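Structural description and commentary
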Amino acid sequence: MGDDEKFKLKKYLTQPDMKLGSDDKPLVKETLQVGVDALATMQDILYAQDRWSLLVIFQAMDAAGKDGAIKHVMSGVNPQGCQVSSFKAPSAEDLDHDFLWRCQKHLPERGRIGIFNRSYYEEVLVVRVHENILKAQKLPKKLITEDIWEERFKDIRNFEKYLARNGTIVIKIFLNVSKDEQKKRFIERVDDPDKNWKFSSADARERKYWDSYMEAYDEMIRQTSTKESPWYVIPADNKPYARIAVASAIINALERMDLEYPKVSKEKIAELNEIKKELLAEK
Ligand code: ATP
Ligand code: MG
């Protein structure tokens, strides 16, 4: 592939026609509600069937709207069938294991939807952007070579394929916020006292590495988007647009499973009718 044809995130930022404004509010609300309801129905079948599971991974730069998207899109789903796990800097115990270990512990059970707010993908992002983090990973020295990122991409592809073969479908969502929009949202977090808690100097520091992050993301998406486990790159400068797109991506993944309520045998139906008869006969 020539350099011009290579996947680049900057080609998939929010365009003017994706800007849903206040006039579109009723339509946005209705469309998102249709998505939220569809998700709730599909999740109910997923749970009853108890065969497949879905893992939805969210990755993004700070202030891209991961938390809001998760909150809104999953708002209709039965909390019993859904679990959100957030991955921050690894603990000492995490660093005593291979890089997938801490995420594996949070994989969704059959019939459930698992949401990862950040994930093992940080291992080819923040760890790649900051050399000192890799150094602190306690890996044997001779395993740290220039091939390490290629090796990690391969390990991730294989891991996701393995999960797919076992009934856990993995989809990955990247919320593609622009550098300008991030700046706007950071300033809002300073100006609005209710948002102060969301902001830290560490976030502002990471912003200085924007270009390195974009390069790492571009390559990660090129290397780990597969037929079974695609990346959905969602333009994220307009939050309503992004949330609707996130709901569609998750619905799309669930549609690829053969979801149906378990069929009940004739004997079981007869048994249920017998129980009903007894209940009705109760004095
Ligand atoms: P928020 O929206 O609340 O800021 P967040 O996901 O950014 O949510 P933070 O506590 O700000 O949460 O940050 C998590 C930090 O942990 C990120 O900077 C991320 O890059 C870092 N992190 C995640 N996984 C790893 C890892 N494997 N190694 C090093 N740092 C990691
Ligand atoms: Mg943060």
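Our structure's up above, just so we're on the same page.
The sections below set out a description of the structure shown in this document. Everything numeric here is computed off the predicted structure, so don't read it as measured data. (Residues numbered from 1 in each chain as written. Chains lettered and ligands numbered in written order. Predicted model: local features only at pLDDT ≥ 70, side-chain atom pairs only at ≥ 80, totals over all residues. Heavy atoms only, no water.)

**Quick look at the overall build of the chain**
Here is the rule: Counting from the N terminus, the helices are DSSP H or I runs at least four residues long and the strands are E runs at least two residues long. Throughout, exposure labels follow a simple rule: accessible area from a 1.4 Å probe, protein chains only, divided by the maximum for the residue type, with under 20% read as buried, over 50% as exposed, and the rest as partly exposed. The charge count treats Lys and Arg as positive and Asp and Glu as negative. His and the chain ends do not count. Every charge is mapped to an atom, namely NZ of Lys, CZ of Arg, CG of Asp or CD of Glu.
The secondary structure content of the chain amounts to 12 helices and five strands. Considering only C-alpha atoms, the chain reaches an extent of 75 × 55 × 40 Å along its principal axes. When burial is assessed residue by residue, the chain has 43% of its 283 residues classed as buried. Looking at the chain, you have 48 positive and 48 negative side-chain charges, and the mean spots of the two groups are 1 Å apart.

**Observations concerning the nonpolar core**
Definition in use: Definition used in this section: a nonpolar core is a set of buried Ala, Val, Leu, Ile, Met, Phe, Trp, Tyr and Cys residues joined via side-chain atoms within 4.5 Å. Residue contacts follow a heavy-atom distance rule, with two residues in contact if any of their heavy atoms lie within 4.5 Å.
Ranked by internal contacts, the top residues of the largest apolar core, which has 73 residues, are L54, M74, Y120, I173 and I250. It is helix α11 (residues 239-255) that contributes the most residues to this core, nine residues altogether. Not counting residues within four places of it along the chain, the set of residues in contact with Y120 comprises I57, F99, L100, C103, I156, F159, E160 and V170.

**Observations regarding a nonpolar patch on the surface**
For clarity, the threshold we go by: Each patch is built from salt-bridge-free residues with over 30% relative accessible area, joining like charges within 9 Å and nonpolar side chains (Val, Leu, Ile, Met, Phe, Trp, Tyr) within 5 Å. Shrake-Rupley sampling with a 1.4 Å probe provides the accessible areas, and residues are treated as covered by the protein chains on show and by no other component. Salt bridges are identified by distance alone: a Lys or Arg side-chain nitrogen within 4 Å of an Asp or Glu carboxyl oxygen.
Taken together, the side chains of V264, I269, L272, I275 and L279 make up a nonpolar region of the molecular surface, amounting to roughly 430 Å² of accessible area. Looking at where L279 falls in the secondary structure, it is placed in helix α12 (residues 266-281). Classification of L279 by relative accessible area gives exposed; the value is 53%.

**Structural notes on the site of ligand 1**
Rule in force here: Nearness is defined per residue: one heavy atom within 4 Å of the molecule or strand is enough. The definition of a polar contact used here is a pair of N or O atoms within 3.5 Å, where within protein one atom must be able to donate a hydrogen and the other to accept one, and adjacent residues in sequence count solely through side-chain atom pairs. Gly falls in the polar group here, along with every residue not listed as nonpolar (Ala, Val, Leu, Ile, Met, Phe, Trp, Tyr, Cys, Pro) or charged (Asp, Glu, Lys, Arg).
Surrounding ligand 1, one finds 14 residues, the nearest of these being D62, R102, R118, E122 and E123. Contacts to ligand 1 include D62, whose side-chain N or O atom sits 3.0 Å from an oxygen atom. Within the side chain of K66, one N or O atom sits 3.1 Å away from an oxygen atom of ligand 1. If ligand 1 stood free it would expose 630 Å²; the protein chains cover 79% of that surface. Residues that form the shell around ligand 1 fall into these classes: six nonpolar, no polar and eight charged.

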